[in-house]
Amino acid sequence: AKAAGGNRYEVADAASDARVIARHSLTNGLPAALEKGEFFIEYQPLVSLEDGSVRGAEALVRWLHPVHGVLGPDQFIALAENTGLIVPLGRWVLTEAARQARAWREAGYDGAPLRVNVNLSPCQLRYPDLVADTVAVLDDAGLDPAALCLEVTENDLIGADEEALRPLRQLADLGVDIALDDFGTGYSNLAYLRRLPVSTLKLDRSFTLGMQRDPADPVDVKIVEGIVSLAHTLDLAVTVEGVETGSQAEHLRLLGCDTAQGWYYARPGPPDRLHQLALTDVAS
Ligand code: C2E
Ligand code: CA
Ligand code: CA
Ligand code: CA
């Protein structure tokens, strides 16, 4: 037993060494990966709960690593934040997503014009050229600011003062939508919401999970009900993440949620697929 314990210990050590090495090599590889064009974006549709129409999509970045294959953002965004590479990487995502949104809009889909959601990391929020860069990207793409939604997490804004919020407010004044991502996972006080330049709450998946059960978790139902009523009182739209089943979608629609995103409609995928989904309307 002792020997086995010793062995286990060695294995665990070796594994954590391997993780450290992997983290270092991934971090070191990030700048070259950006130069070599190893990042790509998948788009996941955002669907109106009212009529099932596709309203747009969230841009989710991936890294096609020459050795490790496709890596998800959970494996490299934090590393990019630590090194500051998130600023040029985030600018690349925004540029690419804006170009794509323009292409969707030109492709002649005759529903409401498709929009694109882009995640913004806390480093980008603090980056002094955020507003100027975003305006330049929109200009270059010829994209209406109203076609862009920037997602910032609730936690990144907790404690932010007027000064820190100014860039977001400037973007909102230009017509860019701001969404509060992972809403409900932070501890922001609700009165504080009124001071934020946001137009949408994206309710975290953890709150909609209980709606996947049959019957739905009654406490989760009450929480979602409360958040929707608060949001609508403040004139905010509610988007729900992680919708995986039809009955969950129906329940969330009845609770008054506006927009949904999740595997029930579509997994994240290539940009062309969004256009096909939009033309056929995923849920009709
Ligand atoms: P997020 O913004 O909360 O994005 C939603 C995540 O939930 C995505 O994971 C998406 O693939 C996943 N998801 C969507 N529908 C479902 C569902 O029905 N069930 C389940 N279980 N999961 C679902 P992904 O693509 O791995 O992204 C993870 C996180 O990485 C994102 O969380 C976001 O915070 C971050 N991220 C992605 N792209 C970017 C980016 O360009 N910049 C920055 N700063 N962060 C990004
Ligand atoms: Ca997001
Ligand atoms: Ca989220
Ligand atoms: Ca999340």
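Details of the structure are given in the entry above.
Residues numbered from 1 in each chain as written. Chains lettered and ligands numbered in written order. Predicted model: local features only at pLDDT ≥ 70, side-chain atom pairs only at ≥ 80, totals over all residues. Heavy atoms only, no water.

Draft legend 1. Looking closely at the coordination of the calcium ion (ligand 2). Note on the calcium ion (ligand 2): its protein donors are E58 (OE), N119 (OD1), E151 (OE) and D181 (OD). The metal-donor distances range over 2.1 to 2.3 Å. Sequence positions of the residues that donate to the calcium ion (ligand 2) give the spacing E-x60-N-x31-E-x29-D. Separating the calcium ion (ligand 2) and the calcium ion (ligand 3) is a distance of 4.0 Å, and D181 donates to both of them. Taken together, the positions of E58 in strand β2 (residues 54-65) and E151 in strand β5 (residues 148-153) put the pair 93 residues apart, joining distant regions of the chain. A single burial state applies to E58 and to E151, both of which are buried. (Donors = N, O, S within 2.8 Å, 3.2 Å for Na, K, Ca; no water. Helix = DSSP H or I, 4+ residues; strand = E, 2+ residues; numbered from the N terminus. Buried < 20%, exposed > 50% of the residue type's maximum accessible area, 1.4 Å probe, protein only.)

Draft legend 2. Broad picture of the coordination of the calcium ion (ligand 3). Looking at the calcium ion (ligand 3), one finds its protein donor set to be D181 (OD), D182 (OD), E241 (OE) and E241 (OE), positioned 2.1 to 2.7 Å from the metal centre. Spacing between the donor residues of the calcium ion (ligand 3) along their common chain follows D-D-x58-E. Among the residues examined, D181 registers a relative accessible area of 6% and is labelled buried.

Draft legend 3. Region of the structure containing the packing of aromatic side chains. In total, this model carries five aromatic pairs according to the counting rule given. Look at F39 and F76: their rings are 5.5 Å apart centre to centre, the planes differ by 55 degrees, and that puts the pair in the tilted class. Of this pair, F39 sits in strand β1 (residues 39-48) while F76 is found in the loop between β3 (69-71) and α2 (77-83), placing the two residues 37 residues apart along the sequence. Take F39 and F76: they sit in the same class, and that class is buried. Ring geometry for Y264 and Y265: centres 4.9 Å apart, planes at 70 degrees, overall edge-to-face. By relative accessible area, Y265 is classed as buried at 12%. These aromatic residues form a ring-pair network of at least three members: F39, W63 and F76. Above the face of the W263 ring, R267 is positioned so that its terminal group lies 3.7 Å from the ring centre. (Phe/Tyr/Trp six-rings, centres within 6.5 Å; stacked < 30°, edge-to-face > 60°. Lys NZ or Arg CZ within 6 Å of the ring centre and 35° of its normal.)

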